[in-house]
Amino acid sequence: MWPESIPQAALAERRARLAKKFGGPALFMSGLARPRNYAANRFPFRAESHFLYFVGRPLEGAALVVRPDGSLLYAEPPDPEEALWTGPQPTLEELSRELGLEVRPMAELRLDEPTATLPSADVETAFVQSELVGRDIIAASGPELDGIDRALADAVIELRLIHDAAALVEMRAAAAVTERAHRAGMRATRPGLREAAVVAAMDAEIVAAGCVHAYLPIVTREGEVLHDERHHRTLVTGDLLLADVGAETPGGWASDVTRTWPVNGKYSGSQRALYEVVLAAQRAAIAAVRPAARYRDVHRIAGKELLAGLVALGLFKGDVEELYARGAAALFFPHGIGHLLGLDVHDMEDLGDRAGYAPGRERSRNFGDRYLRLDRDLAAGMVVTIEPGYYRIPYLLERPEEVGELEASLDRKVLAELADVRGIRIEDDVLVTATGAEVLTASIPKTPDDVEAAVRG
Ligand code: GLY
Ligand code: MN
Ligand code: MN
C-alpha cells in the first residue's frame with residue numbers, strides 16, 4: 001500500500017471552514033529542513049502540521065494565507081540549476097493545478113493587515129514569520145498566545161480535534177502500515193538479536209509503504225524506561241520486548257501503537273498474569289470511550305482496573321477505591337492513559353495544553369494525574385490513544401519518599417515473584433464514534449495467545 005494524496009476538495013473544505021470560524025487573515029508557514037552538520041546535509045524535511053492540515057503536501061519553504069475571500073499559497077519558484085541535483089520541480093502553475101489553489105512566488109508575500117499566525121517549531125521559520133506579521137512570536141508557545149493568534153489557535157484546535165473523512169482515510173492507512181510493522185517485529189524477534197534488529201524489521205515495512213516513523217521508535221527490553229530510544233541491547237530468552245512504533249503517512253498523519261511480546265515466543269506465568277491485568281485495564285478504558293465521556297474518567301477507570309488486577313495477584317492488599325485514592329495505581333502506571341492523535345503523535349501539543357485541556361480545565365498536581373495529556377469531553381470524530389501499562393520502576397519503588405504510606409499495602413514478596421516483568425504497555429488508536437468507539441488498530445495481535453503465535457511466526 002502506498003497512501004494516496006489527500007483530495008483537493010477535502011483540503012478546500014478545511015480552509016473554507018477555517019475562514020468561516022476565523023474572520024481575519026491567517027498565515028501558516030511550512031518550515032525548512034534543518035542541517036545535520038553542514039548546510040547541504042539535512043534532516044528529512046517534515047512540514048509544520050498546521051500547514052499540512054490545510055495544504056496536504058509537505059512543500060518546503062512555503063506559506064499559506066487563508067482569508068475569508070479565499071486562500072493563497074506562496075512558494076519558491078523552481079531554481080533551474082537545482083534541477084541538476086534534485087530533478088525537475090513543478091512550476092508554480094503546475095503546483096497550483098495539483099493543489100487546486102492559487103500559487104504566487106514567495107517574494108510577493110506581503111501582509112498589509114493584521115494577520116494571525118501560530119508558533120513554528122523551527123527557529124529560522126519562526127524568525128521569518130515574526131518579520132512577516134510584524135511582531136515577535138518566536139518565544140510564544142500555546143499558553144502564551146495572545147489576541148488574534150490565540151483566537152486562531154482556538155479555531156484551528158476546534159477543526160483539528162474532530163477528524164474529517166479524509167483524515168480518517170489517512171489514519172487508517174497509517175494503522176494498516178503499523179500493523180505490518182508490528183507483525184514483522186514480532187516475527188523477527190528471537191533471543192540473541194539486538195533490539196536494533198527488531199527495529200530494522202519494523203522499519204522495513206514502514207519505509208516500503210512510503211511512510212516514515214511518526215516518532216522515534218521505542219523497542220526495548222527495558223520497558224520500565226518510559227521513553228527508551230536506544231536499541232543497542234541484546235535480547236535474552238525470558239525477556240519481554242516492549243515496542244512502541246507507529247507509521248506516519250506521506251500526508252503527515254500518525255499512528256501510535258505499543259505491543260509487548262516475549263522474546264522466546266512464550267510468556268512466563270508471571271508475564272502472562274500481568275499482561276492480562278494490563279489488557280483488562282485497556283479493555284475497560286476502551287469500553288468507556290464514547291461521546292461526552294470525560295477523558296480523565298477514562299484514565300481513572302483504567303487505573304482502578306489495573307489496581308483491581310494487582311490486588312487479585314496479591315501485589316497490593318486493600319480496597320481498590322481506597323488504594324486508588326492513595327495513588328497506588330500511579331506507582332506502577334505513572335503516565336496518562338493517552339492523548340489526542342492526528343497529524344502529530346501528541347496532536348497539537350505545540351499549542352501546550354490548549355488543545356488537550358478543555359477551557360477551564362488544567363493539569364492536576366497529584367502524581368497519578370499530572371502526566372495526563374488530555375482532559376476533554378470526548379466527541380465523535382476525535383481519535384485518542386488508550387495505553388495503560390505496568391512498570392517496575394526502581395526510581396519509584398526503591399525510594400521511600402515515592403512509595404510513602406503505600407509500603408504497608410504493598411507485598412514485596414509478590415513483587416519479587418513478578419520480577420521478570422520490567423514493563424508492559426498495550427496501546428491502541430481509538431476513534432470516538434457516534435455511539436461508542438472503534439479501535440483503528442484492532443487487527444494488531446493483542447491477546448497473549450495471538451501475540452505468542454505472531455512471535456513464533
Ligand atoms: N509513542 C509515544 C506515546 O505513546 O505517547
Ligand atoms: Mn501514545
Ligand atoms: Mn506510543
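Asks: Honestly, the coordination of the manganese ion (ligand 3) in this entry has me stumped. Any pointers?
Replies: Around a metal, the idealised angle for a tetrahedral arrangement of four donor atoms is 109.5 degrees; for an octahedral arrangement of six donor atoms it is 90 or 180 degrees. With distances of 2.1 to 2.3 Å, the protein atoms coordinating the manganese ion (ligand 3) are Asp 244 (OD), Asp 244 (OD), Asp 256 (OD) and Glu 427 (OE). All donors of the manganese ion (ligand 3) come from a single chain, and their spacing in sequence reads D-x11-D-x170-E. The two metals, the manganese ion (ligand 3) and the manganese ion (ligand 2), are separated by 3.3 Å and share Asp 256 as a common coordinating residue. Taken together, the residues Asp 244 in strand E8 (residues 240-245) and Asp 256 in the loop between strand E9 (247-248) and strand E10 (257-262) connect sequence positions 12 residues apart. Taken individually, Asp 244 and Asp 256 each receive the classification buried, so the pair is uniform in this respect.

Asks: Can you help me understand the pairing of strand E11 (residues 383-386) in this one?
Replies: Remark: a regular strand shows side chains that alternate across the two faces of the sheet. The alternating pattern of E11 places Val 383 and Thr 385 on one face and Val 384 and Ile 386 on the opposite face, and all of these are buried. Bridge count between E11 and strand E14 (residues 428-432): 4 bridges; the pairing is antiparallel. Each residue of the ladder has a partner; that of Ile 386, found in E14, is Asp 428.

Asks: Just to check I follow, could you spell out the site of ligand 1 for this structure?
Replies: As a matter of local geometry, ligand 1 sits amid Tyr 215, Asp 244, Asp 256, His 339, His 346, Glu 387 and Glu 427. Between Asp 244 and ligand 1, the recorded distance is 3.1 Å, taken from a side-chain N or O atom to a nitrogen atom. When the free accessible area of ligand 1 is taken as 200 Å², the share hidden by the protein chains comes to 90%.

Asks: Sorry if this is basic, but what is going on with the coordination of the manganese ion (ligand 2) here?
Replies: For the manganese ion (ligand 2), every protein donor is listed as Asp 256 (OD), His 339 (NE2), Glu 387 (OE) and Glu 427 (OE), and the spread of their distances is 2.0 to 2.2 Å. In this structure, the manganese ion (ligand 2) is surrounded by 6 donor atoms whose angles at the metal cover 50 to 154°, and the resulting shape is irregular. Spacing between the donor residues of the manganese ion (ligand 2) along their common chain follows D-x82-H-x47-E-x39-E.

Asks: Explain the pattern of salt bridges here, please?
Replies: Two side chains of opposite charge can pair, provided their charged atoms sit close to one another. In the structure shown here, the tally under the stated rule is 40 salt bridges. Taking the shortest distance from any N to any O, the salt bridge between Asp 149 and Arg 135 comes out at 2.7 Å. Taken together, the residues Asp 149 in helix H6 (residues 147-161) and Arg 135 in the loop between helix H5 (123-133) and H6 connect sequence positions 14 residues apart. Look at Asp 149 and you get buried, because its relative accessible area is 5%. Of the residues examined, Arg 135 reaches a relative accessible area of 28% and is grouped as partly exposed. Between Arg 300 and Asp 369 there is a salt bridge, with the nearest N and O atoms lying 2.7 Å from each other. Residue Arg 300 is found in helix H10 (residues 295-312), and its partner Asp 369 is found in helix H14 (residues 367-370); the two are separated by 69 residues along the sequence. The class for Arg 300 is partly exposed, based on a relative accessible area of 24%.

Asks: Whenever I open this one, a nonpolar patch on the surface confuses me. Can you help?
Replies: Together, Val 123, Phe 127 and Ile 138 make up a nonpolar patch on the protein surface, roughly 290 Å² of accessible area in all. Judged by its relative accessible area of 37%, Ile 138 falls in the partly exposed class.

Asks: Could you clarify how one ought to interpret the packing of helix H1 (residues 8-21) against H6 in this entry?
Replies: How two helices pack is summed up by the angle between their axes together with the distance between the axes. Contact geometry for H1 and H6: axes closest at 10 Å, N-to-C directions at 135°. Of the possible angle classes, the one that applies to H1 and H6 is oblique. Classified by chirality, the crossing of H6 by H1 is right-handed. On the side of H1, the interface is formed by Arg 14, Arg 17, Leu 18 and Lys 21, while H6 contributes Leu 152, Ala 155, Val 156, Glu 158 and Leu 159.

Asks: I'm lost on the packing of aromatic side chains in this one. Help?
Replies: Note on aromatic pairs: each is described by the distance of the centres and the angle between the planes. Counted according to the given criterion, the structure contains 7 aromatic pairs. Centroid distance Phe 28 to Phe 54: 5.0 Å. Interplanar angle 40°. Geometry classified as tilted. Of this pair, Phe 28 sits in strand E1 (residues 26-29) while Phe 54 sits in helix H2 (residues 49-55); the two residues are 26 residues apart in sequence, bridging distant segments of the chain. Measuring from ring centre to ring centre gives 5.1 Å for Tyr 267 and Tyr 275, while their planes differ by 45°; the resulting arrangement is tilted.

Asks: Sorry, what's going on with unusual backbone geometry here?
Replies: Working note: non-glycine residues mostly have negative phi, and peptide bonds are mostly trans. You will see that Ala 292, though not glycine, has its phi angle at about 80°, which is positive. Within the fold, Ala 292 resides in the loop between helix H9 (269-287) and H10. Accessibility expressed as a relative area gives 60% for Ala 292, which makes it exposed. In the Ramachandran plot, Met 348 falls in the positive-phi region, its phi being about 65° despite a non-glycine side chain. Along the polypeptide, Met 348 turns up in the loop between helix H12 (328-332) and helix H13 (353-356).

Asks: Looking at this structure, how should I read the pairing of E8?
Replies: Burial analysis of E8 places 6 of its 6 residues in the buried class, which makes it a mostly covered element. Burial of the side chains of E8 extends over both faces: Leu 240, Leu 242 and Asp 244 are buried on one face and Leu 241, Ala 243 and Val 245 on the other. The sheet contact formed by strand E7 (residues 218-220) and E8 spans 3 bridges and is antiparallel. In the strand pairing of E8, Ile 218 is matched with Asp 244. Here E8 runs beside E10; their pairing, made up of 6 bridges, is antiparallel. Residue pairing across strands places Leu 242 opposite Thr 260, the latter belonging to E10.

Calculation notes
- Residues numbered from 1 in each chain as written.
- Chains lettered and ligands numbered in written order.
- Predicted model: local features only at pLDDT ≥ 70, side-chain atom pairs only at ≥ 80, totals over all residues.
- Heavy atoms only, no water.
- Donors = N, O, S within 2.8 Å, 3.2 Å for Na, K, Ca; no water.
- Helix = DSSP H or I, 4+ residues; strand = E, 2+ residues; numbered from the N terminus.
- Buried < 20%, exposed > 50% of the residue type's maximum accessible area, 1.4 Å probe, protein only.
- Pairing = 2+ DSSP bridges.
- Near = heavy atom within 4 Å.
- Polar contact = N/O pair within 3.5 Å; in protein donor to acceptor, adjacent residues only side chain to side chain.
- Areas by Shrake-Rupley, 256 points an atom, 1.4 Å probe, with all protein chains shown as cover.
- Tetrahedral: all angles 85-135°; square planar, octahedral: opposite > 155°, others 65-115°.
- Salt bridge = Lys/Arg side-chain N within 4 Å of Asp/Glu carboxyl O.
- Patch = residues over 30% accessible without salt bridge, like charges linked within 9 Å, V, L, I, M, F, W, Y side chains within 5 Å.
- Axes fitted to C-alpha atoms, helices over the stretch in contact; angles between N-to-C directions.
- Parallel < 35°, antiparallel > 145°, perpendicular 65-115°, else oblique.
- Left-handed = near helix turned anticlockwise from the far one by under 90°.
- Contact = heavy atoms within 4.5 Å.
- Phe/Tyr/Trp six-rings, centres within 6.5 Å; stacked < 30°, edge-to-face > 60°.

Treat this as a map of the structure, not an account of what it does.
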